[in-house]
Amino acid sequence: ISKLRIICVGLGITEVVNYHLASKDDLLLVALDGENLISLRNAISEHNHLRHSIVPGLLKTLGSNQHNEYPQCIFEAGRIFSSDSSRECGVVEKTVLGVAIGHEKADFTEIQQKVDALFRSLGLQLIIKEMVHPSFISGRVGTLIADEKVVGFIGEIAPRVLTQAGLMIPCAVAQMDIEVLFELSHGIISP
C-alpha cells in the first residue's frame, strides 16, 4: 500500500483517514438500490454501520473542509466490508483505494486523468466501461478494467447526492480494489 500512497502523493493528492463505521444515511449516498448494509448490534451512536464503500467518507471529508481553499484532491486507502453468508462471521473485508476531487469545475475527465496516471505508474492500461449507477451523473460513470479484470469504479457524483452530502461544489470520485491492483501489477506494489 505504501507504493500506492507514494504515487498518489506524487500526483498531488492528499491522504485522509476516515472511520470504518458510518451512519446509514452517509452510506446510502452511494449505495445501489437493495445493497445490503451491515449494521452493528447494540450500537450507541449514529455511526452504526460498517462502510461498504470508501466514497461516502471521502465526500464527508470534502464537505467538512468547504472552508478550505479549492481545488481539493484527496485519497484514502482503507477497508470496506460486505455481507458474505459463506463466511463464519458473515462479513468479508477488502482493502480499497479511493480518490475524490472537489472544486467548481471537477469532472469525469479530471478524475480519469488521475486514475490513468496511477495505472500507468503501475504498468497497467486502463479501460473504462460505461455503467449506470443512481449516485452518479448518467454517462459520466464507469467500471475500471485492467487486463480484463474489474478493478473498481469511477464517476462524477450526481447533484442530488452532492446536495444530500451538504456539498456546494461538483465532485468526481474513483474506488479501486488494492488486492486486484497488486495481482495485476506483478508485485510492483504490495498488499
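Residues numbered from 1 in each chain as written. Predicted model: local features only at pLDDT ≥ 70, side-chain atom pairs only at ≥ 80, totals over all residues. Heavy atoms only, no water.

> Would you explain helix α4 (residues 108–121) in this entry?
End to end, α4 covers 20 Å across 14 residues, agreeing with the expected 20 Å (1.5 Å per residue, within 8%). Within α4, burial applies to F108, I111, V115, A117, L118 and F119. At the C-terminal side of α4, G123 shows a positive phi close to 75°. (Helix = DSSP H or I, 4+ residues; strand = E, 2+ residues; numbered from the N terminus. Expected span 1.5 Å × (residues − 1). Buried < 20%, exposed > 50% of the residue type's maximum accessible area, 1.4 Å probe, protein only.)

> Explain the pattern of salt bridges to me, please; I cannot follow it from the model alone.
Oppositely charged side chains may form a pair once their charged atoms are brought near each other. Inspection of the entire model under this criterion finds seven salt bridges. One salt bridge connects E76 with R51, and the closest N-O pair in it is separated by 3.1 Å. Of the two residues, E76 is situated in strand β5 (residues 72–83) and R51 in the loop between β4 (49–50) and α3 (55–64); the sequence distance between them amounts to 25 residues. The burial state of E76 is the same as that of R51; both residues are buried. Between D116 and R120 there is a salt bridge, with the nearest N and O atoms lying 3.3 Å from each other. (Salt bridge = Lys/Arg side-chain N within 4 Å of Asp/Glu carboxyl O.)

> Please clarify how the sheet that holds strand β6 (residues 91–102) should be interpreted in this entry.
Sheets are built from strands that pair by backbone hydrogen bonding, the pairs being arranged parallel or antiparallel. Judged by pairing direction, the sheet is mixed, and its seven strands sit side by side in the order β1-β5-β6-β10-β9-β8-β7 without closing on themselves. Each edge of the open sheet is held by one strand with a lone partner, namely β1 (14–15) and β7 (127–130). Sheet analysis places β1 next to β5, joined by two bridges and oriented parallel. Residue E15 lies in a different strand from β5, and its bridge partner there is F75. Helix-sheet contacts for α4 involve β5, β6, β7, β8 (136–146), β9 (149–157) and β10 (171–177), and the interaxial angle to β10 is about 30°. (Pairing = 2+ DSSP bridges. Contact = heavy atoms within 4.5 Å. Axes fitted to C-alpha atoms, helices over the stretch in contact; angles between N-to-C directions.)

> Even after reading the chapter, I still don't get unusual backbone geometry, so can you show me in this structure?
One can expect most non-glycine residues to show negative phi and most peptide bonds to be in trans. Residue P71 is reached from Y70 by a cis peptide bond, and omega for that bond is 5°. Its location among the elements puts P71 in the loop between α3 and β5. In the Ramachandran plot, D147 falls in the positive-phi region, its phi being about 45° despite a non-glycine side chain. Looking at the secondary structure, you find D147 in the loop between β8 and β9.

> I would appreciate a short explanation of the state of the cysteines in the present structure.
The term disulfide refers to a covalent linkage connecting the sulfur atoms of a pair of cysteines. Taken as a whole, this structure holds zero disulfides when the rule is applied. Looking at the unpaired C8, the closest cysteine sulfur is the one in C73, lying at 8.4 Å. Taking the relative accessible area as the measure of exposure, C8 reaches 1% and is therefore buried. (Disulfide = S-S within 2.5 Å.)

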